[in-house]
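As a plain string of letters, each chain reads:
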Protein chains: 2
Amino acid sequence: MGELTLEPPFTNQRVVVSGVSPEIEGGRHPAKCVVGEVVAIEADVFCDSHDALAAVIQHRDLGEEDWFEVRMEPVVNDRWRGAIRPEQLGLVEFRVVGWVDRFGTWRRDLAKKHAADVVEAVDFLVGAELAAEFAKTAAGDDRRLIEGARETLVDADLTATTRVDVALDGDFAEAMFRADPRRFATEHERTLRIRVDRERARFSTWYELFPRSAVGDGETHGTFRDVIDRLPYVAGLGFDVLYFPPIHPIGEVNRKGPNNATTAEEGDLGSPWAIGSKDGGHKDVHPALGTIEDFRDLRDAAAEHGLELAMDIAFQAAPDHPYVDAHPNWFRQLPDGTIRYAENPPKKYQDIYPFDFETEDAEGLWVELKSVFDHWIDEGIRIFRVDNPHTKSFPFWEWCISEVTREHPDVIFLAEAFTRPKVMKELAKRGFTQSYTYFSWRQQKWEIEQYYTELNQTDVADYFRSNAWPNTPDILTEQLQYGGRSMYLQRLILAATLSANYGMYGPAFELMWSEARPGAEEYLDNEKYQLRAWDLDAEHSLAELIRIVNAARHEHPALQQDRTLRFHHIENEQLLVYSKTDPARDDVILCVVNLDPNWTQSGWTWLDMKALGLPADASFQVHDLIGDARYLWSGRRNYVELDPHVTPGHIFVVRNLSRTERDFDYYL
Amino acid sequence: MGELTLEPPFTNQRVVVSGVSPEIEGGRHPAKCVVGEVVAIEADVFCDSHDALAAVIQHRDLGEEDWFEVRMEPVVNDRWRGAIRPEQLGLVEFRVVGWVDRFGTWRRDLAKKHAADVVEAVDFLVGAELAAEFAKTAAGDDRRLIEGARETLVDADLTATTRVDVALDGDFAEAMFRADPRRFATEHERTLRIRVDRERARFSTWYELFPRSAVGDGETHGTFRDVIDRLPYVAGLGFDVLYFPPIHPIGEVNRKGPNNATTAEEGDLGSPWAIGSKDGGHKDVHPALGTIEDFRDLRDAAAEHGLELAMDIAFQAAPDHPYVDAHPNWFRQLPDGTIRYAENPPKKYQDIYPFDFETEDAEGLWVELKSVFDHWIDEGIRIFRVDNPHTKSFPFWEWCISEVTREHPDVIFLAEAFTRPKVMKELAKRGFTQSYTYFSWRQQKWEIEQYYTELNQTDVADYFRSNAWPNTPDILTEQLQYGGRSMYLQRLILAATLSANYGMYGPAFELMWSEARPGAEEYLDNEKYQLRAWDLDAEHSLAELIRIVNAARHEHPALQQDRTLRFHHIENEQLLVYSKTDPARDDVILCVVNLDPNWTQSGWTWLDMKALGLPADASFQVHDLIGDARYLWSGRRNYVELDPHVTPGHIFVVRNLSRTERDFDYYL
């Protein structure tokens, strides 16, 4: 670029189209939505001077020839908005086009002159000139209408009133808009993309269990068939995704013992994440769990219970994984001929070899790893929870997810990355459908509000879908270790209502298993390394409350998305108030949660009435879906009191009692 | 784009470089700086896993072959930063490159293992392998050093301590960094540009006067020679730019009378902005002002007084402008054969024809308009105040300014656009060096803080340089109409200290001419349409205070830039507190302004001590450059009281009284 040159030089293209949203890194990555979701598209559209403008969104499914058009409308401050509603899985592309609305300018100015009574003969002739020009590009009916209007405009024998009436006629304006040759139109320089996922990408309810503990006596190794017996229980709690840690053969070399002991005793089961042995690798099932036929039976039985299976894909190998012999160059070979273990210096993890994404055989490695997804897709699996994706290269994920979803656009990838914020966001940008979050460690009011505002009210919402987990086999926060039953309930309500996607690791959660390895944020006698006994019928089980919360989610579309999450003010730092709304289905949920697990807290709300679609002084009923109580509230200020030992939270349905329809501030 | 494909496929390029700043619309427009300014460049640089990374800025003057490199350092949260300091006018281009620092990773991990006493023999061999590889690309001295270190690392006869010492040696690390072949480096996909202007682009002090009123008796038509007599006065006030409304022949057809009357009487002078008559157009001077030789004498005399002339370029034509006959197709021709006047329906401006930027002869029009700048550049003018640029097309400005500054990189363009925010910003993006602002209408504390924070603390600061005017011939705000002397002083202090570029329309300002046309925000008997009498020696003149304020600006580099502007808290809504800082020259200015023109206001400051470069409990002297008083202050809380009838503001120099050097939070 020796010097700055402009293309095309001497252009008459006066309209600027910029700041299009959603646009992720200048269109480098697609935004995300689900089938049937209304996606608002905005752009700055303006030009010099004071001409009226027009703008449209042009969109099509990727690979189609023809563009569809949606008109945009000005909102405020040169911002324009329109919306599309993708109906097909896959990728949609769109672009924004703006132009000087010459007829609209003339019509607007004529109306002003008419109001001031200063219309001159030449004004009609200018309009007639436009009509003559536009008639050439008009379709049949429009052409006839336009030509008729033109004849009126040029007819000096007619009264000014007659000619003004025609000039300002709405049908004429519509016909002229359609016929506009769009002279010097500006097409935004980038065609952008939106990935259209299925509904479950946005709304899903996950239950994680270890199949090998499915018997529940702590002694008998469970099988896929034992899991089938558990299905009615899990489905009964209201879950729709059943997720297993890896089900593959477990490495025998350098196997870990209970509580992560570096040497295993005879009979120790090892960690399911140390994948691969003489019995096979990522495309095989652990013989102790059953056969692939057993797995297929489980998959089908789960489907009958409304449960979709999710598999854990952990791309790493035990030292005895078949890959190690077959492809030693996929791992990092050291100068002494050994292979590098996973390490976090000075710590070393001798039961695992990481793949080397700087291998010379990148193609061989990538193609093989992708074939792991393909293998399980062939087995009917469409949801994958990916273990530690942030230790594999971003370009690999971008390629792999793009290729898989091109062939199977209904596949969902959940990124299990608990790492630095930009790395987590990058994984979502590169294609992950859903992402684990910092939810587990966001416990104070200010940090929950700040984090969820960032996730849902900034451009992060265009590509990052949160999936909130109060616990996982790796995470037992201090809160849950010491908070007791009210803390468990609090975290259940928060996860289930803040994030449309949430999950729990059970039965540890509902049975409130809280014992941690000393000094760690992790379970003692973790199922990762051994079997556990579970008494599902224990009296203290939270099962019934989980069922209630999950039922609220399934019955209320407001809880099935995150875009409308809004926090409301209340004068108590221990009380959190927020709402979610589905304007199309007139559904409004308002949650109040007491973050203090020990003491009753009370306060006066300062509700954002617009977020609830209600006038400032409206009377309305709030109906608690947990305790089933109903209260009559009025306006912004209402009293709330929550004893955490009764319930740490309300999930209120907000019922409008006035005769006017709710008027929402959202664009959905 | 039939389907999404990734290039290059199967890459080992693991490092992400994104979010580079300054980057305006993805590099569509250059950022701005001045010669010698330190420009901070930042980027998100990260990769998967936990490798150490390295990143550099590569930069060069546009047109050069070779790139220079500056190392970047991590700041926080995967954000990296470095800086360049352009020394030449014109365009600089830069890009950010990041890669996995393999040696740095090894060195960091070895240090950790060494600390934990778990170093193994193979660890040294891994380092030696890197040394052998890097030695191949190392320069002579580095190669010798690296080879020596390699020999130590592989020598099993040496003690571990000796080998660790060499492994962690700083010189070895530096040599390895220089020699790094940067395997799989990621170069940010866009090379970005920065326009380097001269210092006056950032710091300038403007005085506007009507040459035809230069005699000052209200009766005699002034000339360029009369303006020469005024130069000592203007220079004495401390201004460095002297700006005239258009000096071209004024149209005689449809000329306006005093106070914008639609018909002129015999002898009425007309508006200087109605350009062109039988005496010539944009490249000619009005005969009543003198000859071009007179103008040249004025220009030279001004230079001797340290004043640079700025011309007003108003691209529009009176009906008798020579362009109209020569190029009727540069104007909008109506169906009745007439040319369209400027209009804002239902109003019409019959003394002006606007150019039609949709003309078929765009090339002819653009080239001619640019030649107007070239003409005056040939006459030694380097500063242009452009009238209403927002009624001419953006692509024209982008081309014109780019072409002019390519040939004359010292030319400054000030955009006189008072219109919608995005239009004003777009003009700056397209190339305008400075921009008029909403300053005149930002009068409350919250709106001043909000507006100036947007201008200086967001990405707007990368391309938009404010030029603040308390008044112009078009703007006499209600504040100035009714606020009296203390309001004039307040607005003077605000303009001169909030914006490094500011100006005033005189002598109207210093003589506090406050009489408005009823119902308008504009002067009665406006000089735009007639001569005015001015008594420069009037006792009430603000000249002396203007001189004091301008002297403060010239003596204090902190006031010569806007990037470090910070607002400080004070518990009084009528008091505004802000600071500006030049860390390199250890210069700190703190302003306190009473926005209430009538009453004494007082309050306790809550200073942001970091912004002042001082410890929280520091003692410091504040020395008022207006009243010359000195106060001893201490810490964040200090009492201020301002009687607007004495002075509405302090411009304090902040002198550090402690023995420690100031430690600034800025990166300049």
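Residues numbered from 1 in each chain as written. Chains lettered and ligands numbered in written order. Predicted model: local features only at pLDDT ≥ 70, side-chain atom pairs only at ≥ 80, totals over all residues. Heavy atoms only, no water.

Residue and element names in this part refer to chain B. Within this structure, the stated rule accounts for 116 salt bridges over all chains. Among the salt bridges present, the one from Asp141 reaches Arg144, with a minimum N-O distance of 2.5 Å. Residue Asp141 and its partner Arg144 are located together in helix H3 (residues 140-154), separated by three residues, close to a single helical turn. Taken individually, Asp141 and Arg144 each receive the classification exposed, so the pair is uniform in this respect. For the salt bridge of Asp582 with Arg585, the shortest nitrogen-to-oxygen distance reads 3.1 Å. Classification of Asp582 as buried rests on a relative accessible area of 9%. (Salt bridge = Lys/Arg side-chain N within 4 Å of Asp/Glu carboxyl O. Helix = DSSP H or I, 4+ residues; strand = E, 2+ residues; numbered from the N terminus. Buried < 20%, exposed > 50% of the residue type's maximum accessible area, 1.4 Å probe, protein only.)

Residues and elements named next belong to chain A. On the surface, Asp165, Asp169, Asp171 and Glu174 cluster together into a negatively charged patch. Within the element layout of this structure, Glu174 appears in helix H5 (residues 170-179). With a relative accessible area of 40%, Glu174 lands in the partly exposed category. (Patch = residues over 30% accessible without salt bridge, like charges linked within 9 Å, V, L, I, M, F, W, Y side chains within 5 Å. Areas by Shrake-Rupley, 256 points an atom, 1.4 Å probe, with all protein chains shown as cover. Lys, Arg positive; Asp, Glu negative; His and termini not counted. Charge placed at Lys NZ, Arg CZ, Asp CG, Glu CD.)

Contacts between the two partners involve 71 residues from chain B, matched on the other side by 73 residues from chain A. Together, the buried faces of chain B and chain A total about 6700 Å²; carbon and sulfur atoms form 59% of this surface. At the junction of chain B with chain A, the criterion picks out twelve salt bridges. Our count for the chain B to chain A interface comes out at 20 residue pairs in polar contact (both at pLDDT 80 or more). Those elements that place two or more of their residues in the side of chain B that touches chain A are strand S1 (16-21), strand S3 (39-46), strand S8 (90-100), helix H1 (102-115), helix H2 (121-135), helix H9 (362-378), helix H10 (394-407) and helix H11 (421-430) of chain B. Examining the composition of the side of chain B that touches chain A, we find that seven residues originate from one element, H10 of chain B, more than from any other. Of the residues in the side of chain B that touches chain A, the class split is 28 nonpolar, 13 polar and 30 charged. (Contact = heavy atoms within 4.5 Å. Buried area = accessible area lost by both parts, 1.4 Å probe. Polar contact = N/O pair within 3.5 Å; in protein donor to acceptor, adjacent residues only side chain to side chain. Nonpolar A, V, L, I, M, F, W, Y, C, P; charged D, E, K, R; others polar.)

Before going further, it helps to spend a moment on the relation of the copies chain B and chain A. Structural alignment of chain B on chain A gives an RMSD of 0.1 Å, achieved by rotating through 180° and translating 0.0 Å along the axis. As the rotation angle and translation indicate, the two copies are arranged about a two-fold axis. By C-alpha distance to the rotation axis, the residue of chain B lying nearest is Gly26 of chain B, at 3.3 Å. Of all interface residues in chain B, 100% are interface residues in chain A too; the two copies therefore contact each other through one and the same surface. (Least-squares fit on C-alpha atoms with pLDDT ≥ 70 in both.)

All names here are of chain A. By the bridge criterion, two bridges tie strand S23 (residues 566-570) to strand S26 (residues 601-606) in an arrangement that is antiparallel. Bridge pairing in S26 links His569 to Trp606. Judged from the four bridges that link them, S26 and strand S29 (residues 639-642) form a sheet pairing that is antiparallel. Bridge pairing links Gln601 to Leu642 in S29. (Pairing = 2+ DSSP bridges.)

Another point: the sheet that holds strand S29 (residues 639-642) of chain B. All names here are of chain B. The strand order across the open sheet formed by eight strands is S28-S27-S30-S25-S24-S23-S26-S29, and the pairing between neighbours is antiparallel. A strand with exactly one partner marks an edge of an open sheet, and here the two such strands are strand S28 (630-634) and S29. Within the sheet, the average angular offset between the axes of one strand and its neighbour, ignoring direction, is 35°. The pairing of strand S23 (residues 566-570) with strand S24 (residues 575-582) spans three bridges and is classified as antiparallel. In the sheet register, Phe567 faces S24, and the bridge partner there is Tyr578. The strands touched by helix H12 (residues 445-457) within the sheet are S23 and S24, with S23 carrying the most contacts at an inclination of about 150°. (Axes fitted to C-alpha atoms, helices over the stretch in contact; angles between N-to-C directions.)

All names here are of chain A. Among the structural elements, Glu304 can be located in helix H7 (residues 292-304). A residue is classified by how much of its surface remains accessible, and Glu304, at 69% relative accessible area, is exposed. Along the backbone, Glu304 and Pro346 are 42 residues apart, and their C-alpha atoms lie at a distance of 49 Å.

Our focus in this paragraph is unusual backbone geometry. Residues and elements named next belong to chain A. For the bond running from Pro345 to Pro346, omega is 5°, close enough to zero to count as cis. By the secondary structure assignment, Pro346 is in the loop between strand S15 (342-344) and strand S16 (347-349). One non-glycine residue, Asp628, lies in the positive phi region at around 70°. Among the structural elements, Asp628 can be located in the loop between strand S27 (619-624) and strand S28 (630-634).

To continue, consider the packing of aromatic side chains. Taken as a whole and assessed by the stated rule, the structure comprises 92 aromatic pairs over all chains. A centroid spacing of 5.5 Å and a plane angle of 70° characterise the contact between Phe10 of chain A and Trp366 of chain B, whose relative ring orientation is edge-to-face. You can see Phe10 of chain A sitting in the segment before strand S1 (16-21) and its partner Trp366 of chain B sitting in helix H9, one on each of two chains. The rings of Phe10 of chain A together with Phe315, Phe357, Trp366, Phe373, Phe384, Phe396, Trp397, Trp399, Phe413 and Phe432 of chain B are connected pair by pair, giving a single aromatic cluster. Lying over the aromatic face of Tyr451 of chain A, Arg442 of chain A brings its terminal NZ or CZ to 5.1 Å of the ring centre. For the cation-ring pair, Arg71 of chain B lies above Phe177 of chain B, with the distance from its terminal atom to the ring centre recorded as 3.4 Å. (Phe/Tyr/Trp six-rings, centres within 6.5 Å; stacked < 30°, edge-to-face > 60°. Lys NZ or Arg CZ within 6 Å of the ring centre and 35° of its normal.)

A few words now on the confidence of the model for chain A. Detailed conclusions should not be drawn from predicted coordinates in areas where pLDDT is low. Residue and element names in this part refer to chain A. The pLDDT averaged across chain A works out to 95; a share of 98% of its residues lies at or above 70. Note on residues 1-6: pLDDT is under 50 here. Beyond four places in sequence and across chains, it has 13 contacts. Per the prediction output, this complex has pTM 0.94; the corresponding ipTM is 0.94. (pLDDT = per-residue confidence, 0-100.)

So, on to helix H9 (residues 362-378) of chain A. Residue and element names in this part refer to chain A. Taking 1.5 Å of rise per residue, 17 residues should cover 24 Å, and H9 covers 24 Å from first to last C-alpha, within 8% of that figure. Summarising burial for H9: twelve of the 17 residues are buried, a large majority. For H9, the set of buried residues is Ala362, Leu365, Trp366, Glu368, Leu369, Lys370, Ser371, Val372, Phe373, Asp374, Trp376 and Ile377. For H9, the elements touching its buried residues are H7, strand S13 (308-313), helix H8 (322-326), strand S18 (383-387), helix H10 (394-407) and strand S19 (412-416). Positive backbone phi, at 90°, marks Gly380, one or two positions downstream of H9. (Expected span 1.5 Å × (residues − 1).)

Residue and element names in this part refer to chain B. Tracing the backbone shows Arg465 in the loop between H12 and strand S21 (466-468). On the basis of relative accessible area, Arg465 is assigned to the buried category, the value being 10%. A distance of 3.1 Å separates the side chain of Arg465 from the backbone oxygen of Cys33, its partner in a polar contact. Apart from residues no more than four positions distant in its own chain, Arg465 is found in contact with Lys32, Cys33, Val34, Asp197, Ala201, Arg202, Thr433, Gln434, Ser435 and Asn501.

What follows deals with the sheet that holds S28 of chain A. All names here are of chain A. Spatially, S28-S27-S30-S25-S24-S23-S26-S29 is the arrangement adopted by the eight strands of the open sheet, whose pairing is antiparallel. Since the sheet does not close on itself, it has two edges, and those belong to S28 and S29, each with one partner. When strand polarity is set aside, the average angle formed by the axes of neighbouring strands in this sheet is 35°. Pairing between strand S25 (residues 587-594) and strand S30 (residues 649-656): five bridges, direction antiparallel. Each bridged residue has a counterpart across the sheet, and for Val592 the counterpart in S30 is His650. Taken strand by strand, helix H12 (residues 445-457) contacts S23 and strand S24 (575-582), and its axis lies near 150° from that of S23.

So, on to the environment of Pro470 of chain A. All names here are of chain A. Position of Pro470 relative to the elements: it lies in the loop between strand S21 (466-468) and helix H13 (478-482). Its relative accessible area of 2% is what places Pro470 among the buried residues. Between the C-alpha atom of Pro470 and that of Asn388, which follows or precedes it by 82 residues, the distance is 18 Å.

Residue and element names in this part refer to chain B. Its 15 residues place the ends of H3 21 Å apart at the C-alpha level, agreeing with the 21 Å of an ideal helix rising 1.5 Å per residue. For H3, the complete set of buried residues consists of Asp142, Ile146, Ala149, Thr152 and Leu153. Looking straight down H3, one finds that the buried residues subtend no more than 120° of arc, so they occupy a single side. Among the exposed residues of H3, those oriented more than 90 degrees off its buried face are Arg144 and Glu151. Summarising the contacts, the buried residues of H3 are in contact with H1, H2, helix H4 (160-167) and helix H5 (170-179). (Arc of directions from axis to C-beta.)

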